[in-house]
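# Summary of structural features
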Amino acid sequence: MKKQLSLISVFFVFLAMGFGDAAGQLVSVVEKAFNISPFMASLVSFSGMIMFGVLSVPMGVQQSKIGKKKMLLVGLVLFLLGAVLPIVAFNFPVILLAVLLMGAGATILQVSGNPLMRDVSPEGKYSSMLSFAQSVKAIGTLSTSLILVLIGTSLMKYGWFSFMPEGATEPVNMGFRILFPIFALVLFVTLLLVLFFVPNKAESETATPTTLKNCLSALGNKYILMMFLGIFFYCGAEASMFNRIPSILIENNPNISASLGNIVLILALFAGRFFGGVCLRYMKANVFLVLTIMVSIIGNILLFLPYNTVSTWLSFILIGIGFANIFPLIFSICVDKMPEKTNEISGLMTTAIVGAAIVPLLTGLAANYNPKYAFVVTLACLLYLTVLALLNKNPHSNPQK
């Protein structure tokens, strides 16, 4: 029973991780709510995402000294503080600070939560359980979109969370404020679950603390470097898809809400992670990685075709299903091959999420010349992942070289 409660607690941690994706979804609503420039609004997303590049490695080092549970608690406290701030005071600087703290918390949860799932998973089921956990994370991400679309809009109809700025002709929708008390409630429950049910020290915790030097020198290992780049390019490709898919709908079907494309993508991610968790109970992780990347490539190629209701929406679904398990597969395969470097790998792989901030710059630049050129960049990322997956499929590969 205690093992099951530990597992449930970690699943709640992944649900909270999904809330960390709210920063990107807040950009457009914050721009309109506070009447600021697109660049200023983009600082909301940047302030959350930059934490992955800044904190991941240092937190991986610190985690080796204090343990995963204490590090989780630190992350949850920071995340909770970020969620509470906009409840106390509400203006643009407060939102920036709140998202910064939430990004810091989400970073720490990624550093600690992914390897901790190995400690609470049944023997030999780490890849499967991590995929299930990522599907729970997708629920957190999806809930943000649904709260913004459904609850926030409904509250405004009753005059809640809206105000009339001076000189304005219509009230401004502040419905996204409802996100923060909901986040705070779930985070508080998660904090209690981790505090009482997650073991203080797992058997897999290293006896010798990881140092910053050891963590950075791990990139000298060719295998770890390749897996690091795999996460970097995957996160960049996924973020690029979330950025570009709405533009496809805006350009070709103005009668459909642009956000619907991202909602379909998130639903496909959720379904893919759930069924991936089932498949990985019967299939080797390295084989499944090859298959899931092939599905992603097919979805990407369909985007080069002229807009068509069937092929375009099919591409969104295939991309979501294909992308669904790439992160947990790369992470779990790497940790399973080199468990003695769990903290180093966790810090480095979480740092690699910063690819979600860098690769979209390239896809955006390519889209300036032709919207479809953006998908050449994402296809290049997937081709690298194909090479990585095929190398991992080789049973004679030696990760120590």
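Residues numbered from 1 in each chain as written. Predicted model: local features only at pLDDT ≥ 70, side-chain atom pairs only at ≥ 80, totals over all residues. Heavy atoms only, no water.

## Quick notes on the overall build of the protein chain
What counts, and what does not: Numbering of helices and strands runs from the N terminus, with a helix taken as a DSSP run of H or I at least four residues long and a strand as a DSSP run of E at least two residues long. Any residue under 20% of the maximum accessible area for its type is buried, any over 50% is exposed, and the rest in between are partly exposed; the area is computed with a 1.4 Å probe on protein chains only. The contact criterion used throughout is that any non-hydrogen atoms of two residues lie within 4.5 Å. Per-residue accessibility takes into account occlusion by the displayed protein chains alone, with areas from the Shrake-Rupley method and a 1.4 Å probe.
Each helix and strand counted, the protein chain has 16 helices and 2 strands in total. The buried share among the 401 residues of the protein chain stands at 56%. A sequence separation of at least 24 residues applies to 80% of the contacts in the protein chain between residues at least 6 apart. Put simply, the protein chain shows about 17500 Å² of open surface, and 70% of that area lies on carbon and sulfur atoms.

## Here we look at the packing of helix 4 (residues 68–88) against helix 7 (residues 179–197)
How two helices sit against one another is set out by the angle between their axes and by the gap between those axes. Note the threshold: Axes here refer to lines fitted to C-alpha atoms; in helices the fit is confined to the stretch in contact. Angles between the N-to-C directions go from 0 to 180 degrees. Any angle from 65 to 115 degrees is called roughly perpendicular, while one under 35 is roughly parallel, one over 145 is roughly antiparallel, and all others are oblique. In this scheme the handedness of a crossing depends on how the near helix is turned from the far one: anticlockwise by less than a right angle means left-handed, clockwise means right-handed. Ten residue types, Ala, Val, Leu, Ile, Met, Phe, Trp, Tyr, Cys and Pro, are classed as nonpolar, four, Asp, Glu, Lys and Arg, as charged, and the remainder, Gly among them, as polar.
Taken N-terminus to C-terminus, the directions of helix 4 and helix 7 make an angle of 160°; their axes are 9 Å apart at the nearest point. One finds that helix 4 runs roughly antiparallel with respect to helix 7. For the pair helix 4 and helix 7, the crossing hand works out as left-handed. Within the contact between the two elements, helix 4 uses K69, L72, L73, L76, V77, F79, L80, A83, V84, P86 and I87 and helix 7 uses F180, P181, F183, A184, L187, F188, T190, L191, V194 and L195. Tallied by class, residues from the contact of helix 4 with helix 7 come to 19 nonpolar, 1 polar and 1 charged.

## Observations concerning helix 13 (residues 326–337)
Note that an α-helix has 3.6 residues per turn; residues three or four places apart therefore point the same way. To keep it simple, the criterion reads: Here the expected length of a helix is defined as 1.5 Å per residue gap, with one fewer gap than residues.
Spanning 12 residues, helix 13 covers 17 Å between terminal C-alpha atoms, matching the ideal 16 Å at 1.5 Å per step. Looking at helix 13, one finds that the buried residues are I326, F327, P328, L329, I330, F331, S332, I333, C334 and V335.

## Let's talk about the pattern of salt bridges
Worth spelling out the cut-off: Each reported salt bridge corresponds to a side-chain nitrogen of Lys or Arg within 4 Å of a carboxyl oxygen of Asp or Glu.
For the structure on display, the rule yields 3 salt bridges. Across the pair K68 and D119 runs a salt bridge whose closest N-O atoms are separated by 3.2 Å. Within this pair, whereas K68 is found in helix 4, its partner D119 is found in helix 5 (residues 92–120), the two being separated by 51 residues in sequence. The same class applies to K68 as to D119, namely buried. Here E238 makes a salt bridge to R273, at a shortest N to O gap of 3.9 Å.

## Some remarks on empty space enclosed by the protein
Gaps left between atoms show up when a probe the size of a water molecule is rolled over them. In plain terms, the rule: Of the grid points, spaced at 1 Å and generated over the protein atoms alone, those admitting a 1.4 Å probe that cannot get out make up cavities, while open sets with protein on both sides within 12 Å along at least five of seven lines make up pockets; any residue with an atom within 4 Å of a point is treated as lining. Grid points are joined across faces, edges and corners, and a volume is the space filled by probe spheres set on the points.
Scanning the model with the defined rule gives 2 cavities of 30 Å³ or more in all. What the largest cavity holds in volume is close to 40 Å³. Lining of the largest cavity is provided by F19, G20, A22, A23, G48, V99, M102 and G103. Secondary-structure elements contributing two or more residues to the lining of the largest cavity are helix 2 (22–34) and helix 5. The dominant element in the lining of the largest cavity, judged by the number of residues it contributes, is helix 5, at 3 residues. Of the residues in the lining of the largest cavity, the class split is 5 nonpolar, 3 polar and no charged.

## Digging into the layout of surface pockets
The calculated volume of the second largest pocket comes to roughly 460 Å³. As for the second largest pocket, its lining consists of 23 residues, and the residues nearest its centre are G124, Y126, S127, S332 and D336. The set of elements that each furnish at least two residues to the lining of the second largest pocket consists of helix 5, helix 6 (126–157), helix 11 (285–302), helix 13 and helix 16 (374–393). Broken down by element, the lining of the second largest pocket gets its largest block of residues, 4 residues, from helix 13. Split into classes, the residues belonging to the lining of the second largest pocket amount to 8 nonpolar, 7 polar and 8 charged.

## Re helix 14 (residues 342–351)
Counting buried positions along helix 14 yields 10 of 10 residues, so the element is predominantly enclosed. If you check which residues of helix 14 are buried, you get T342, N343, E344, I345, S346, G347, L348, M349, T350 and T351.

## Remarks on the environment of S6
Mapped onto the elements of the fold, S6 is located in helix 1 (residues 2–19). Considering only alpha carbons, one finds S6 and L193, 187 residues apart in sequence, at a separation of 8.1 Å. Those residues within four positions of S6 in sequence are excluded, and the remaining contacts are V120, F197, V198 and P199.

## Brief notes about the nonpolar core
Filter applied, for reference: Here, nonpolar core refers to any group of buried Ala, Val, Leu, Ile, Met, Phe, Trp, Tyr and Cys residues whose side-chain atoms link them within 4.5 Å.
Core analysis: the biggest nonpolar cluster contains 115 residues, and M117 and F323 have the highest contact counts within it. No other element matches the 15 residues that helix 9 (residues 222–252) contributes to this core. Formed by 7 residues, the second largest nonpolar core is a distinct cluster that contains M51, M59, M71 and I108.

## Regarding the environment of S332
By the secondary structure assignment, S332 is in helix 13. Sequence separation of S332 and R118 is 214 residues, and the distance between their C-alpha atoms is 8.3 Å. Discounting chain neighbours no more than four positions away, the residues touching S332 are Y126, S127 and L130.

## Description of the packing of aromatic side chains
Which entries qualify depends on this criterion: Only Phe, Tyr and Trp rings are paired, with Trp represented by its six-membered ring, and only when their centres lie within 6.5 Å; those with planes under 30 degrees apart are stacked, over 60 edge-to-face, the remainder tilted.
In total, this model carries 8 aromatic pairs according to the counting rule given. Pairing F327 with F331 gives two aromatic rings, centres 6.1 Å apart and planes at 20°, and the pair type is stacked. Taken together, the residues F327 and F331, both in helix 13 and 4 residues apart, mark about one turn of the helix. The same class applies to F327 as to F331, namely buried.

## Section: the packing of helix 13 against helix 16
Interaxial distance between helix 13 and helix 16 falls to 12 Å at its minimum, and their mutual angle equals 35°. In this structure, helix 13 meets helix 16 at a crossing whose hand is left-handed. Together, I326, I330, I333 and K337 of helix 13 and L385, L388 and N392 of helix 16 make up the contact between the two elements. Its residues assigned to classes, the contact of helix 13 with helix 16 comprises 5 nonpolar, 1 polar and 1 charged.

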